[in-house]
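Structural overview for review
These are the residues of each chain, in order.
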Amino acid sequence: MAATRELTPARRLRSIFSGSVGNLVEWYDWYVYAAFSLYFAEVFFPGGDRTSQLLKTAAIFAVGFLMRPLGGWLLGRYADRHGRKAALLLSVWMMCSGSLLIALTPGYASIGIAAPVLLVLARLLQGLSVGGEYGTSATYLSEMASREHRGFWSSFQYVTLVLGHLLALGVLLSLQQLLDAEQLRAWGWRIPFAIGALAALAALWLRRTMLETESFVRSEADGSPAHQRRQGTLRLLLRHPRALLSVVGLTMGGTLAFYTYTTYVHKFLVNSAGLSSESAARVNAGTLFAYMLLQPLVGALSDRIGRRPVLIAFGVLGTLLTVPILDRLQTVQTAGEAFWLVLLALAVVSGYTAINAVVKAELFPVEVRALGVGLPYALTVAIFGGSAEYIALWFKQHGIERGFYWYVTACIACSLLVYLWMPDTRRHSRIDQDPA
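What comes next concerns the included structure. (Residues numbered from 1 in each chain as written. Predicted model: local features only at pLDDT ≥ 70, side-chain atom pairs only at ≥ 80, totals over all residues. Heavy atoms only, no water.)

1. Thoughts on the overall build of the protein chain
Formally: By the criteria applied, helices consist of DSSP H or I runs no shorter than four residues and strands consist of E runs no shorter than two, each listed in order from the N terminus. With C-alpha atoms as the basis for the radius of gyration, the globule rule is written as 2.2 Å multiplied by the number of residues raised to the power 0.38. For every residue, the accessible area (1.4 Å probe, protein chains only) is compared with the maximum for its type, and the residue is labelled buried under 20%, exposed over 50%, or partly exposed between those bounds. Contacts are assigned to residue pairs with any non-hydrogen atoms lying within 4.5 Å of each other. Per-residue and other accessible areas were derived by the Shrake-Rupley procedure at a 1.4 Å probe size, with only the shown protein chains allowed to occlude residues.
Along the protein chain, the regular secondary structure elements total 21 helices and 0 strands. A globule of 436 residues ought to have a C-alpha radius of gyration of about 22 Å, and the protein chain, at 21 Å, matches this closely. For the protein chain, the spread of C-alpha atoms along the three principal axes comes to 60 × 45 × 40 Å. Each of the 436 residues in the protein chain was classed as buried or not, and the buried ones make up 61%. Taking as baseline every contact in the protein chain between residues at least 6 positions apart, the subset at least 24 positions apart corresponds to 86%. Surface exposure of the protein chain reaches about 16100 Å², of which carbon and sulfur atoms provide 66%.

2. Re the packing of helix H6 (residues 114-144) against helix H19 (residues 369-385)
The cut-off we apply is this: Throughout, an axis means a line fitted to C-alpha atoms (over the contacting stretch in the case of helices), and angles, computed between N-to-C directions, take values from 0 to 180 degrees. Comment on the angle field: the value is read as roughly parallel under 35 degrees, roughly antiparallel over 145, roughly perpendicular from 65 to 115, and oblique elsewhere. Should the near helix be turned anticlockwise from the far one by less than a right angle, the crossing is termed left-handed; should it be turned clockwise, right-handed.
The interhelical angle for the contact between H6 and H19, taken along N-to-C directions, is 135°, at an axis separation of 7 Å. If you check the angle between H6 and H19, you find them oblique. Considering how the two elements wind past one another, H6 and H19 form a crossing that is right-handed. Facing Tyr134, Gly135, Ala138, Thr139 and Glu143 of H6, the residues of H19 in contact are Arg369, Ala370, Val373, Gly374 and Tyr377.

3. What to know about the packing of aromatic side chains
Counted only if it meets this: Each aromatic pair joins two rings of Phe, Tyr and Trp (for Trp, the six-membered one) with centres within 6.5 Å, and gets the label stacked for planes under 30 degrees apart, edge-to-face for over 60, and tilted for any other angle. Placement of a positive charge over a ring is assigned whenever Lys NZ or Arg CZ falls within 6 Å of the ring centre and within 35 degrees of the normal to the ring plane.
Tallying each qualifying case throughout the model produces 21 aromatic pairs. Ring plane angle 55° and centroid distance 6.3 Å describe the contact between Phe314 and Tyr419, whose orientation is recorded as tilted. Highlighted residues: Phe314 in helix H16 (residues 307-330) and Tyr419 in helix H21 (residues 402-421), separated in sequence by 105 residues. Accessibility assignment for this pair places Phe314 and Tyr419 in one class, buried. Taken together through their ring pairs, the aromatic side chains of Tyr33, Phe40, Phe44, Trp189 and Phe193 make up a single cluster. Against the face of Tyr33 rests Arg123, its NZ or CZ located 4.2 Å from the ring centre. Cation over ring: Arg242 sits above Trp421, and NZ or CZ is 4.7 Å from the ring centre.

4. As for the packing of helix H8 (residues 156-178) against helix H15 (residues 277-305)
The following threshold applies: Side-chain classes follow a simple rule in which Ala, Val, Leu, Ile, Met, Phe, Trp, Tyr, Cys and Pro form the nonpolar group, Asp, Glu, Lys and Arg form the charged group, and the remainder, Gly included, forms the polar group.
Axis separation between H8 and H15 bottoms out at 9 Å; the angle between their running directions is 160°. With respect to H15, the axis of H8 lies roughly antiparallel. When the axes of H8 and H15 are compared, the crossing they make is left-handed. The residues of H15 that touch H8, namely those facing Phe156, Tyr158, Val159, Val162, Leu163, His165, Leu166, Leu169, Leu172, Leu173 and Gln176, are Ser277, Glu278, Ala281, Arg282, Asn284, Ala285, Leu288, Phe289, Tyr291, Met292, Gln295 and Pro296. Taken together, the residues of the contact of H8 with H15 sort by class into 16 nonpolar, 5 polar and 2 charged.

5. Observations regarding the environment of Val25
Mapping Val25 onto the fold places it in helix H1 (residues 9-44). For Val25, a relative accessible area of 8% gives the class buried. Expressed as a C-alpha distance, the spacing of Val25 and Arg11, which sit 14 residues apart in the sequence, is 21 Å. Ignoring sequence-local partners within four residues, the contact set of Val25 consists of Gly196, Ala199, Ala200 and Ala203.

All we've got here are geometric facts, nothing functional implied.
Here's what the structure looks like:
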């Protein structure tokens, strides 16, 4: 295992870059499904109107989230026992396999019910991968970063996460220019999944050069059997109930808002506001690019003023502005107006996304950190983030679309209560208490 005792700024930066690039590929593969579901929905679910087909693909999107808690547990435990680097390599392998399976699966017309079954299996595998990726990469970036700039460097988890989404949208926009709608529905949608599988292999090669974090290496210096048995166990995790509940509470509103304005907003602008798919994709891409640039700025701000004030700002603004923003988005007349409304919403959400990874990592001791970050987060995202599209479309199908806006508002308000209750982790970080 490579120690980090001679960690130079260049080595630190190279390791953070390698870890972040892998995260980028993972999230590109994850978001390609959402970006191209408008085209492949009828391939796997023929018949019915557009909302019905989208509802079925959204259900499978949610099913993938159900595997994320299992992935958070398995890979979190693996990372706490065998190292952050080993777990990050394994997660990339799983994502590569899932993307390749989707790219090669024939449609319903060729193999019948086996087509959606294979689609579900692929998403389950990707769900395992992403579920383990989040906790392990959040832990890796937080442990690898210096104390003074931990919020800044940890924010790159969402920089690469959003960049993965942007690349998925970039491939979508490119294929929309190169292929007509019929070609995209027939076979063009398979191209981005094949690209994702190849990119995952490149990320695997890069991650092989990563250094292990010094926190884990020092923890491993205690090689006693009792210490090894405790690492990454649920029993040890349950000894930190306040930290567990904090992760659940601070994630609930943030993850729902994030998926509403990054993933579902594309379909919302097409299916509810009446914009063309091309215009909605451009709005989605433009706002995500600006949102990505905000993450390091907000992360750096948290290094100066603390994590808690930034989270509270998100909670207050999200509670007050969600309904007005979504009401106005539903009636927009131009793509320009939609752009500014979505960007405003994402600027608010940055108060959560830029620092949520480091906040969670700072709550747990090293021997259970990856599991503590990954498992409760994945459970919460599976319930609130993974179901966002399905619940939104369900409300729309039943003629009460505005009910979804209030649902998002209520979840953010609940998270705000947690932000007001929890301590500021920058001043009381468990990472700074790791074995020396």
